[in-house]
Amino acid sequence: MIAVKFEEKEKIGLQYALETLHGCSPFGQERIRRLRFYAPEERAALEEELYNVEQAANAAGELKDVYNKLMTGLCQMKDIRNSLRRCAAGETPDHVELFEIKGYLQRLDGMRPLFEQINAVTHFKGMTFHEVKDALAVLDPDGTGSRGFYIPDSATAKLKEIRSAKKEVEERLFHAQTDAEKDDLRLKRTRLCGEEDAEEMHVRKAMGAALAPMVDDLLSDAETAGRLDFIIQKALFAVRYGGVKPELTEKDLELEDMINPEICDLLEQQGRRFVPVSISLTPGATVITGANMGGKSVAMKTVALNVLLLQAGFLVCAKKARMPLFHSVKMLFDDLQSIQSGLSGFGSEIVQFQKALSEVEQGYSLFLLDEFARGTNPDEGAVIVQAVTRYLNGVDAISLLTTHYDKVAEYARTHYQIIGLRDIDPEAIRRELAVTSEDGVAVIARHMNYGLYRVEGKSDCPRDALNICRMRIRDRPDAVPEAGDTENGGGKLLKKRPAGRFFSVRGAGMEGGVLSRGNAEIQG
């Protein structure tokens, strides 16, 4: 069973996607708020939902006006399910409940021709509305069609007699001359009002009893209204972000030119464009390597987002997709680790990893590890991630890891790398930085290619961090050492250390600290 925390929804952009939806009815809003994920054994139900969403999306242009009318009617609906259940349980509904039930029935009656008009184009599967004329006749026996609710005099002979007597008393009270006469008439009116209330209660009880046999159908219509509301919102989301219905597979996952709507919108506001990402994943471990700020995490989160969109019945944000259904989707992001346990960052990572792994091994899953083991020193971290990668190759899951550690990809089934600044001339960017007042990070980000390419054979992580340093140090780019160079530039060689020592950082943060690697210790 897939369970996603709110923080995880926010992190991958799923919460943003949900907040772009505008559920109209309380039933549709509830479906968005209580998002459910289809399990692999519910494949038939998911395929039906995907078909309906695709049909609604394809017809969005043609049926735009009809959708708007339907959504207006949905917005006017109230959640009357508890009142209907009270009727089914033999309880007596009050005036307000009957007023709201009547309004709900009138909205359903008005929606049915709109639904039929939509369905003539979309040919939805598994959705139908029941006829509500009989239920409306219970609450509007005179057939007035009024929006309000009133128990008519004709409801019972006794009610008619009581109201007639009350009217006569009220007329006499209006013309009464003496206080004694007025007091006597007021007492009579009070007694008649009590009799009227009692008789109206009998009528309301009878109305509730008359509605009771229809409650199941009316509750079913509420579910259908919510489902239709949600389907239209999913369809409009797909139209906005280019959703596509994926081909369902047993194991393999392929996403061509996938996007992340939240990041797309954010970049659009900045006058930039999201670079679509393509990836192919199979059971075992796949590693994405690249320097920090290179886009590894964005690629991973975009995979997670689209997998969860699919299993929630959305079309996925990609040009083309082939995707399996997962029993669970587990995500380990560094900034989502719990700090409440009192453990160190690395200790928390290990605890969370063990917990997630136990769930992943229960059924075919998607397991995402973003920069795992960064909470310990780099040498140990690299060894740990290598071991985890080897282990995950034997787990019945698609495991996707991002890392900037070298040698990890050698143990993975598949290796992807962020294109980054691979094809960019650092000298050209440095010249641009020299003549612009624009923020340097923005300039470099504009040239950064966040796309992925599949690496064949062995390859270490890109050295974009060094390239960025060379671009930013305008006066002395030669001061930045080459990869692996601890003897020249970029720091002062203090003293030799025994070989085999691990990275360590002492001091508050990096400022004023000491970073050691291998047999050289370098002042930061």
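Further up the page is the structure itself.
Computed from a prediction, not measured in an experiment: that's the story for all the values here. (Residues numbered from 1 in each chain as written. Predicted model: local features only at pLDDT ≥ 70, side-chain atom pairs only at ≥ 80, totals over all residues. Heavy atoms only, no water.)

Enquirer: Even after reading the chapter, I still don't get the overall build of the chain, so can you show me in this structure?
Expert: Assigned secondary structure in the chain consists of 18 helices and 14 strands. The buried share among the 524 residues of the chain stands at 48%. Considering only intrachain contacts with a sequence separation of at least 6, the fraction spanning at least 24 residues in the chain is 75%. Carbon and sulfur atoms provide 50% of the accessible area of the chain, an area that totals close to 25,800 Å². (Helix = DSSP H or I, 4+ residues; strand = E, 2+ residues; numbered from the N terminus. Buried < 20%, exposed > 50% of the residue type's maximum accessible area, 1.4 Å probe, protein only. Contact = heavy atoms within 4.5 Å. Areas by Shrake-Rupley, 256 points an atom, 1.4 Å probe, with all protein chains shown as cover.)

Enquirer: What is the right way to look at the sheet that holds strand E12 (residues 449-454) in this model?
Expert: If you walk across this open sheet you meet the six strands as E8-E9-E10-E5-E11-E12, and the pairing is mixed. Strands at the two margins of the open sheet, each flanked by one partner only, are strand E8 (328-332) and E12. Averaged over neighbouring strand pairs, the angle between their axes works out to 15 degrees when direction is ignored. The pairing of strand E11 (residues 414-420) with E12 spans four bridges and is classified as antiparallel. (Pairing = 2+ DSSP bridges. Axes fitted to C-alpha atoms, helices over the stretch in contact; angles between N-to-C directions.)

Enquirer: What is the right way to look at the environment of Phe 129 in this model?
Expert: Structurally, the position occupied by Phe 129 is in the loop between helix H7 (95-122) and helix H8 (133-139). Taking the C-alpha atoms as reference, Phe 129 lies 6.8 Å from Arg 112; in sequence the two are 17 residues apart.

Enquirer: Help me out: how do you make sense of the layout of surface pockets in this one?
Expert: Estimates place the volume of the second largest pocket at around 450 Å³. Lining of the second largest pocket is provided by 24 residues; of these, Ile 263, Leu 267, Arg 272, Val 298 and Tyr 450 occupy positions nearest its centre. Secondary-structure elements contributing two or more residues to the lining of the second largest pocket are helix H1 (6-12), helix H12 (261-269), helix H13 (296-311) and helix H17 (440-447). With four residues, the top contributor of residues to the lining of the second largest pocket is H12. Residue composition of the lining of the second largest pocket, grouped by class: 14 nonpolar, three polar and seven charged. (1 Å grid on protein atoms, 1.4 Å probe; cavity = no way out; pocket = protein on both sides within 12 Å on 5 of 7 lines; lining within 4 Å. Points joined across faces, edges and corners; volume = space filled by probe spheres on them. Nonpolar A, V, L, I, M, F, W, Y, C, P; charged D, E, K, R; others polar.)

Enquirer: Just to check I follow, could you spell out the pattern of salt bridges for this structure?
Expert: Here the idea is simple: oppositely charged side chains can pair when their charged atoms come close. This structure, assessed with the given rule, holds 33 salt bridges. A salt bridge links Arg 43 to Glu 47, with the shortest nitrogen-to-oxygen separation between them at 3.5 Å. With Arg 43 and Glu 47 both in helix H4 (residues 43-58), this residue pair falls four residues apart, about one helical turn. Accessibility expressed as a relative area gives 26% for Arg 43, which makes it partly exposed. The class of Glu 47 is partly exposed, set by a relative accessible area of 35%. It is possible to trace a salt-bridge network through shared partners that takes in Glu 30, Arg 31, Arg 34, Asp 79, Arg 81 and Glu 223. (Salt bridge = Lys/Arg side-chain N within 4 Å of Asp/Glu carboxyl O.)

Enquirer: Help me understand the packing of helix H5 (residues 64-75) against helix H11 (residues 215-241) in this model?
Expert: Helix packing geometry: the angle between the two helix axes and the distance between the axes. Between H5 and H11, whose axes approach to 11 Å, the crossing angle comes to 135 degrees. One element, H5, and the other, H11, form an angle in the oblique class. Taken as a pair, H5 and H11 cross one another with a handedness that is left-handed. Note on element contacts: H11 touches H5 through Ala 225, Leu 228, Asp 229, Ile 232, Gln 233 and Leu 236, opposite Tyr 67, Leu 70, Met 71 and Leu 74. For the contact of H5 with H11, the per-class residue count stands at eight nonpolar, one polar and one charged. (Parallel < 35°, antiparallel > 145°, perpendicular 65-115°, else oblique. Left-handed = near helix turned anticlockwise from the far one by under 90°.)

Enquirer: Sorry if this is basic, but what is going on with unusual backbone geometry here?
Expert: Peptide bonds are mostly trans, and most non-glycine residues show a negative phi. Positioned with a positive phi, His 123 is a non-glycine residue whose angle comes to about 55 degrees. Counting through the fold element by element, His 123 comes out in the loop between H7 and H8. Despite not being glycine, Asp 257 has its phi angle at roughly 55 degrees, a positive value. Mapped onto the elements of the fold, Asp 257 is located in strand E3 (residues 253-258).

Enquirer: Explanation requested: the side chain of Glu 8 in the structure shown.
Expert: Among the secondary structure elements, Glu 8 is positioned in helix H1. Looking at Glu 8, its side chain comes within polar contact range of the main-chain nitrogen of Lys 5, at 3.0 Å. (Polar contact = N/O pair within 3.5 Å; in protein donor to acceptor, adjacent residues only side chain to side chain.)

Enquirer: In this structure, what is going on with the sheet that holds strand E4 (residues 277-281)? I would like to understand it.
Expert: Two modes of strand pairing occur in sheets, parallel and antiparallel, and in both the strands are linked by backbone hydrogen bonds. One open sheet accounts for four strands, arranged E2-E7-E3-E4; its pairing is mixed. Edge strands, defined here as strands with exactly one partner in the open sheet, are strand E2 (247-248) and E4. By the bridge criterion, two bridges tie E2 to strand E7 (residues 320-323) in an arrangement that is parallel. The residue of E7 that forms the bridge with Glu 247 is Arg 322.

Enquirer: Would you explain the side chain of Thr 389 in this entry?
Expert: Along the chain, Thr 389 falls in helix H15 (residues 378-392). Overall, the relative accessible area of 0% leaves Thr 389 in the buried class. Apart from residues lying up to four places away in sequence, Thr 389 is in contact with Ala 285, Val 287, Leu 401, Val 408, Tyr 411 and Ala 412.

Enquirer: Hey, could you run me through H11 in this one?
Expert: Structurally, the α-helix is built with 3.6 residues per turn, so residues lying three or four positions apart point the same way. Look at H11: 39 Å from first C-alpha to last across 27 residues, which is about the 39 Å you get at 1.5 Å a residue. In terms of burial, H11 is a largely internal element, 20 of the 27 residues being buried. Phi turns positive one or two residues past the end of H11, at Gly 242, with a value near 70 degrees. (Expected span 1.5 Å × (residues − 1).)

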